[in-house]
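Here is what each chain is made of, one letter per residue.
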Amino acid sequence: MHYVPRILVTGGAGFIGSFLCERLLESGAEVLCVDNFFTGRRSNITHLLDNPRFEIMRHDVTFPLFVEVDQIYNMACPASPVHYQFDPVQTTKTSVHGAINMLGLAKRTRAKILQASTSEVYGDPEIHPQREEYWGNVNPIGIRSCYDEGKRCAETLFFDYHRQHNVAIKVARIFNTYGPRMHPNDGRVVSNFIVQALRGEDITLYGDGQQTRSFCFVSDLVEGLIRLMNSDDDVTGPINLGNPGEFTMRQLAETVLELTGSKSKIVHRPLPSDDPRQRQPDISRAREILGWEPGIPLAEGLKPTIEYFEHEIQAL
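The structure displayed is predicted, hence computed values, not measured ones.

*Asks:* Help me understand the overall build of the protein, please; the structure alone is not making it clear to me.
*Replies:* Scanning the protein for helices and strands turns up nine helices and 13 strands. A compact globule built from 316 residues should have a C-alpha radius of gyration of about 20 Å, and the protein, at 19 Å, falls within 12% of that. If one aligns the C-alpha atoms of the protein with their principal axes, the spans along those axes are about 60 × 45 × 40 Å. A total of 316 residues make up the protein; the buried ones form 55% of that total. Considering only contacts within the protein whose residues lie at least 6 apart along the sequence, 81% involve residues at least 24 apart. For the protein, the accessible surface area stands at approximately 14,100 Å², while carbon and sulfur atoms represent 51% of it. One finds the centroid of the 32 positive side-chain charges in the protein at a distance of 2 Å from the centroid of its 40 negative side-chain charges.

*Asks:* Explain the sheet that holds strand S1 (residues 6-10) to me, please; I cannot follow it from the model alone.
*Replies:* Across a sheet, paired strands are connected by hydrogen bonds in the backbone, their directions being either parallel or antiparallel. The parallel open sheet is built from seven strands, whose spatial order is S3-S2-S1-S4-S5-S6-S11. Both outer strands of the open sheet, strand S3 (54-58) and strand S11 (239-241), are each paired with one neighbouring strand and no more. Pairwise comparison of adjacent strand axes, ignoring direction, gives a mean angle of 20° for this sheet. Across the sheet, helix H1 (residues 15-26) lies against S1, strand S2 (30-35), S3, strand S4 (71-74) and strand S6 (169-174), angled at about 170° from S1, the strand it touches most. Strands in contact with helix H4 (residues 145-165) are strand S5 (112-118) and S6; relative to S5, the strand with the most contacts, it is inclined by about 155°.

*Asks:* Which parts of the structure should I look at to understand the side chain of Arg279?
*Replies:* Summarising the element assignment, Arg279 is placed in the loop between strand S13 (266-269) and helix H8 (284-290). Its relative accessible area of 1% is what places Arg279 among the buried residues. Engagement of the side chain of Arg279 in a polar contact is seen with the side chain of Ser119, the distance being 3.2 Å. Ignoring sequence-local partners within four residues, the contact set of Arg279 consists of Ser119, Glu120, Tyr122, Gly123, Pro125, His128, Gln130, Phe175, Thr212, Arg213, Ser214 and Glu246.

*Asks:* Looking at this structure, how should I read the packing of aromatic side chains?
*Replies:* The relative placement of two aromatic rings is captured by the distance of their centres and the angle of their planes. All chains considered together, the criterion is met by eight aromatic pairs. Between Tyr84 and Tyr147, the aromatic rings sit 4.5 Å apart at their centres with planes inclined by 0°, giving stacked as the arrangement. Remark: Tyr147 occurs in helix H4 and Tyr84 occurs in helix H2 (residues 81-84); sequence separation between them is 63 residues. On the basis of relative accessibility, which here comes to 6%, the residue Tyr147 falls in the buried class. Between Tyr178 and Phe217, the ring centres sit 5.5 Å apart and the planes meet at 65°, which makes this aromatic pair edge-to-face.

*Asks:* Just checking my understanding: could you explain the packing of helix H5 (residues 189-199) against helix H9 (residues 298-315) for this structure?
*Replies:* Two packed helices can be described by the angle between their axes and the distance between those axes. In contact at an axis separation of 10 Å, H5 and H9 are set at 60° when each is read in the N-to-C sense. Taken together, H5 and H9 sit at an angle that is classed as oblique. As H5 runs across H9, the sense of the crossing is right-handed. Counting all contacts with H5, which are made through Val190, Ser191, Ile194, Val195, Leu198 and Arg199, the residues of H9 involved are Leu302, Thr305, Ile306, Phe309, Glu310 and Ile313. Grouping the amino acids of the contact of H5 with H9 by side-chain chemistry returns eight nonpolar, two polar and two charged.

*Asks:* Got a minute to help me understand the layout of surface pockets in this structure?
*Replies:* Regions of empty space are outlined by a rolling probe, equal in size to a water molecule, passed over the atoms. Counted as a void, the second largest pocket has a volume near 250 Å³. Lining the second largest pocket are 14 residues, with Tyr134, Trp135, Arg152, Glu155 and Arg173 sitting closest to its centre. Per-element accounting of the lining of the second largest pocket gives the leading share, five residues, to H4. A class-by-class count of the residues in the lining of the second largest pocket yields six nonpolar, two polar and six charged.

*Asks:* How should I be thinking about the nonpolar core in this particular structure?
*Replies:* Buried together is how nonpolar side chains tend to be arranged in soluble globular proteins. By size, the foremost hydrophobic cluster in this structure holds 61 residues, and its most contacted members are Tyr73 and Leu225. If near-sequence neighbours (up to four positions away) are discounted, Tyr73 is found in contact with Ile7, Leu8, Val9, Thr10, Leu20, Leu24, Leu114, Leu225, Ile226 and Met229.

*Asks:* I keep staring at unusual backbone geometry and nothing clicks. Help me out?
*Replies:* Note on backbone geometry: most residues besides glycine have negative phi, and most peptide bonds are trans. The omega torsion of the bond from His128 to Pro129 falls at -10°, within 30 degrees of zero and hence cis. Within the secondary structure, Pro129 sits in the loop between S5 and H4. Note the cis peptide between Gly237 and Pro238, where omega equals 0°. Its place among the elements puts Pro238 in the loop between helix H6 (218-229) and S11. Residue Phe37 is not a glycine yet carries a positive backbone phi of 60°.

*Asks:* Hey, could you run me through H6 in this one?
*Replies:* Since one α-helical turn is 3.6 residues long, residues separated by three or four positions face the same way. If you check H6, its first and last C-alpha atoms are 17 Å apart, about what 12 residues at 1.5 Å a residue would give, namely 16 Å. For H6, the tally of buried residues reaches nine of 12 residues, placing the bulk of the element in the interior. Inspection of H6 places Val218, Asp220, Leu221, Val222, Gly224, Leu225, Ile226, Leu228 and Met229 among the buried residues, and these make up the whole buried set.

*Asks:* Can you help me understand the pairing of S4 in this one?
*Replies:* Each regular strand shows side chains that alternate between the opposite faces of the sheet. Burial of the side chains of S4 extends over both faces: Gln71 and Tyr73 are buried on one face and Ile72 and Asn74 on the other. Examined bridge by bridge, S1 and S4 share four bridges and lie parallel to one another. If you follow Ile7 over to S4, its bridge partner there is Gln71. Two elements, S4 and S5, share four bridges in a ladder whose sense is parallel. Along S5, the bridge assignment pairs Asn74 with Gln115.

Criteria and thresholds
Residues numbered from 1 in each chain as written. Predicted model: local features only at pLDDT ≥ 70, side-chain atom pairs only at ≥ 80, totals over all residues. Heavy atoms only, no water. Helix = DSSP H or I, 4+ residues; strand = E, 2+ residues; numbered from the N terminus. Rg over C-alpha atoms; globule rule 2.2 N^0.38 Å. Buried < 20%, exposed > 50% of the residue type's maximum accessible area, 1.4 Å probe, protein only. Contact = heavy atoms within 4.5 Å. Areas by Shrake-Rupley, 256 points an atom, 1.4 Å probe, with all protein chains shown as cover. Lys, Arg positive; Asp, Glu negative; His and termini not counted. Charge placed at Lys NZ, Arg CZ, Asp CG, Glu CD. Pairing = 2+ DSSP bridges. Axes fitted to C-alpha atoms, helices over the stretch in contact; angles between N-to-C directions. Polar contact = N/O pair within 3.5 Å; in protein donor to acceptor, adjacent residues only side chain to side chain. Phe/Tyr/Trp six-rings, centres within 6.5 Å; stacked < 30°, edge-to-face > 60°. Parallel < 35°, antiparallel > 145°, perpendicular 65-115°, else oblique. Left-handed = near helix turned anticlockwise from the far one by under 90°. Nonpolar A, V, L, I, M, F, W, Y, C, P; charged D, E, K, R; others polar. 1 Å grid on protein atoms, 1.4 Å probe; cavity = no way out; pocket = protein on both sides within 12 Å on 5 of 7 lines; lining within 4 Å. Points joined across faces, edges and corners; volume = space filled by probe spheres on them. Core = buried A, V, L, I, M, F, W, Y, C linked by side-chain atoms within 4.5 Å. Expected span 1.5 Å × (residues − 1).

See the structure below:
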């Protein structure tokens, strides 16, 4: 009889989670998508509902979950400053209690579990580009700390469950990711710029616009996550997943203006608190261990993203 893996994706109705569910279904797996729909959207997964191997459950990972699975992708957590600062205590609980509950499930079912961690664990980095060995420069009491420190604590729990209970873990540190199904109001730079350009509003650049980010298209990222999950058991990570191509915020704004044909003007605003100046992953480890690197250039990935936002804005 053909073996069909049963895979749980927490946060499966979210931006990255929904693409991950889609890819896992294409590979022949049974997928249980768990989401509390705080930032996840039913519209992201509607097209999967007819698939007999797909199941959706409304559930908050801060409460235990009792299901039988072979693999767990723990993607649940609001990931944009607008959303994670809305209820910072709940954000920390989602990262910490969520990790404890999912690790407990992995321990009981002997499932492999992958944590969607973040480049934010590096804080405002003093080294560039960021390597996995770097411990970070994080403010533990700032307005972003609920997310940064929540994710750092989740990594701690993953490694302690691995050492203490022999749970098979994988930790991915995800850098800026973009693509269709991003939330139009998530306050992230790619969605902000595109929505402002499409509406003909001023494009807001914070500070001098010279701060840099690296943008990875969502399908490239999902491929990296799946490769990490299916790597040898001795590969625990953390492994950086992101695009090492670095762009200033001004370059991004100009590219969006060009691709949308918008007449919007670029305006400058003061830099928000604890906003990192530079973000660029060193992905040597992902290249070497997973044979992975992103293949979709920024201008190419922005096209379907802009099309998606055009439909979203028309539907409003």
